[in-house]
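A look at the structure
This is what each chain is made of:
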Amino acid sequence: MNPSSFSKYKLSRQFLISISLVLFVCLCCSFLPSSLGYRIVALILLMTVSIIAIFFNVRVVLTAAALSALAWNFLFIPPRFTFAISQPEDFLMFLMYFVVALVNAVLTTRIRKMEKEAMEREEKENTLKLYNTLLNSLSHELRTPISTIIGATDNLQSMNDKLSEHAKYELVTEISKASLQLNRQVGNLLNMSRLESGFLQVKTDWIDAQELVYDVLNQLRDHPKYKVVQTIIAEHLPLFKLDYGLVFQILHNLVHNALTYTPKYAVVSVKVSCRENNLVFVVEDTGFGFPPDEIDRVFEKFYRLKNSSTGGTGLGLSIVKGFVEAMHGKITLMNMPEG
């Protein structure tokens, strides 16, 4: 139960709910055995006011506190059903209850306000930290392909007559690869923005998983560390109703990570199967694996392994997790027992 969800109610509705709650508690207390006494009722009403203070506006809470005091006096303090108080100690207790209820209401609402302000400050700090991390991560990742594109185009423009056809082809290839790298980084930022803003819309349609796998692998052929990826696809796979673009990006990011962070001798494989009418992708490699103490953090935004030497923004796996969950799927990461 989130207190902020109640605080968004209109003031009139907050008054109605709090007054109804106090009256309901009074009604329930009227059925208590007389042996418990009206002092126990006072504790129950104080607890009710405390609960109201957690969720509602301070004016509503003060009203509830005053109402509970008057209701306690009228319904439970002898003589009942009158505002008169015969015993001096009962009158003193009533005054104490009234003061305690009001102080309790004010303090609880102030504590709630302080907690809200602390949460807002923490959110601002986290946002600032997020932007700083983003700038630091992208300063190198975006500068590298941009520098490559600028250098290659400068050579083509200034030395076009002196370059051989093969040299020109090499420079154009560098521009193409750098452009794809740049496009990938910008795409990751846009995808993360869609996830963070909640504007990600899942558009499902029937997809062929086998065709999707080969589409992904064909696009990854320009990867600097590309190697043949083994595919193990179950026979007679049915069509699945999913978002093709999201599934494509999920598999693309997973295989891209495997190619980027594994040594040359490592074997990367993609397994596709159907389990309980669900589409299951397994991306495996025979590389070094993940440090056990960091496995729980690899899906965090901008998180990169401590000993990782290869550049990256740390967005790929967090985007994968966001896309999988957007389609009500599940993703897990584990090291293979054999290595």
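Below or above, wherever it landed, is the structure these notes cover. (Residues numbered from 1 in each chain as written. Predicted model: local features only at pLDDT ≥ 70, side-chain atom pairs only at ≥ 80, totals over all residues. Heavy atoms only, no water.)

Some remarks on the overall build of the chain
We count it as follows: Strands here are runs of E lasting at least two residues and helices are runs of H or I lasting at least four, both read from the DSSP assignment and numbered beginning at the N terminus. Only protein chains enter the area calculation, which uses a 1.4 Å probe; residues under 20% of their type maximum are buried, those over 50% are exposed, and those in between are partly exposed. Contact criterion: two residues are considered in contact whenever any of their non-hydrogen atoms come within 4.5 Å of each other. Only the protein chains shown count as cover for residues, and all accessible areas are computed by the Shrake-Rupley method using a 1.4 Å probe.
Along the backbone of the chain there are nine helices and five strands. Seen in sequence order, the chain has helices and strands lined up from the N terminus as α-α-α-α-α-α-β-α-β-β-α-β-β-α. Looking at the chain residue by residue over its 339 residues, the buried ones come to 32%. Considering only intrachain contacts with a sequence separation of at least 6, the fraction spanning at least 24 residues in the chain is 68%. Accessible area of the chain: about 21,300 Å², with a carbon and sulfur share of 59%.

Quick look at the environment of Asn155
Structurally, the position occupied by Asn155 is in helix α5 (residues 88-158). Taking the C-alpha atoms as reference, Asn155 lies 8.1 Å from Leu171; in sequence the two are 16 residues apart. Those residues in contact with Asn155 that lie beyond four places of it in its chain are Asn160, Leu163 and Leu171.

Things to note about the packing of aromatic side chains
What counts is decided by this rule: Between 30 and 60 degrees the pair is tilted, below 30 it is stacked and above 60 it is edge-to-face, where a pair is any two Phe, Tyr or Trp rings, Trp via its six-membered ring, whose centres lie within 6.5 Å.
Under the criterion given, the structure shown has four aromatic pairs. A centroid spacing of 6.3 Å and a plane angle of 50° characterise the contact between Tyr38 and Trp72, whose relative ring orientation is tilted. Of this pair, Tyr38 sits in helix α3 (residues 37-55) while Trp72 sits in helix α4 (residues 58-75), and the two are 34 residues apart along the sequence. For Tyr38, a relative accessible area of 14% puts it in the buried group. Given the relative accessible area of 0%, Trp72 is considered buried. One aromatic cluster in this structure is built from Phe74, Phe81 and Phe83.

Side note on the nonpolar core
Inclusion rule: Nine residue types can take part in a nonpolar core, namely buried Ala, Val, Leu, Ile, Met, Phe, Trp, Tyr and Cys, and a core is a set of them joined through side-chain atoms within 4.5 Å.
Counting residues in each nonpolar core, the largest one holds 29 residues, and the members touching the most others are Leu212, Val213, Val229, Leu251, Val255, Val270 and Val272. Elements supplying a minimum of two residues to this core: α7 (209-219), α8 (244-261), β4 (268-275) and α9 (316-326). The element contributing the most residues to this core is α8, with eight residues. Once residues within four sequence positions are removed from consideration, Val229 is found in contact with Leu217, Val255, Leu259, Val268, Ser269 and Val270. If you look at the next biggest cluster of nonpolar residues, it comprises 27 residues, including Ala53, Ala65, Phe94 and Ala105.

Side note on α4
Applied cut-off: Multiplying one less than the number of residues by 1.5 Å gives the expected span of a helix.
Under the 1.5 Å per step criterion, the end-to-end length of α4 is 25 Å for 18 residues, consistent within 8% with the ideal 26 Å. Those residues of α4 lying buried are Val60, Val61, Ala64, Ala65, Ser68, Ala69, Ala71, Trp72 and Asn73.

Considering the packing of helix α2 (residues 11-29) against α4
The condition that has to hold: Whenever a helix is involved, its axis is fitted only over the stretch in contact; in every case the axis is a line through C-alpha atoms, and angles between N-to-C directions fall within 0 to 180 degrees. If an angle is under 35 degrees, it is roughly parallel; if it is over 145, roughly antiparallel; if it lies from 65 to 115, roughly perpendicular; otherwise it is oblique. Note: crossing handedness is left-handed where the near helix turns anticlockwise from the far helix by less than a right angle, and right-handed where it turns clockwise. Under the grouping applied here, Gly and all other residues not named as nonpolar or charged are polar, the nonpolar ones being Ala, Val, Leu, Ile, Met, Phe, Trp, Tyr, Cys and Pro and the charged ones Asp, Glu, Lys and Arg.
Relative to each other, α2 and α4 sit at 25°, their axes nearing to 10 Å. One element, α2, and the other, α4, form an angle in the roughly parallel class. In this structure, α2 crosses over α4, and the sense of that crossing is right-handed. Along the contact surface, α2 presents Leu11, Gln14, Phe15, Ser18, Ile19, Val22 and Cys26, while α4 presents Arg59, Val60, Thr63, Ala64, Leu67, Ser68, Ala71 and Leu75. Across the contact of α2 with α4, the residue classes break down as 10 nonpolar, four polar and one charged.

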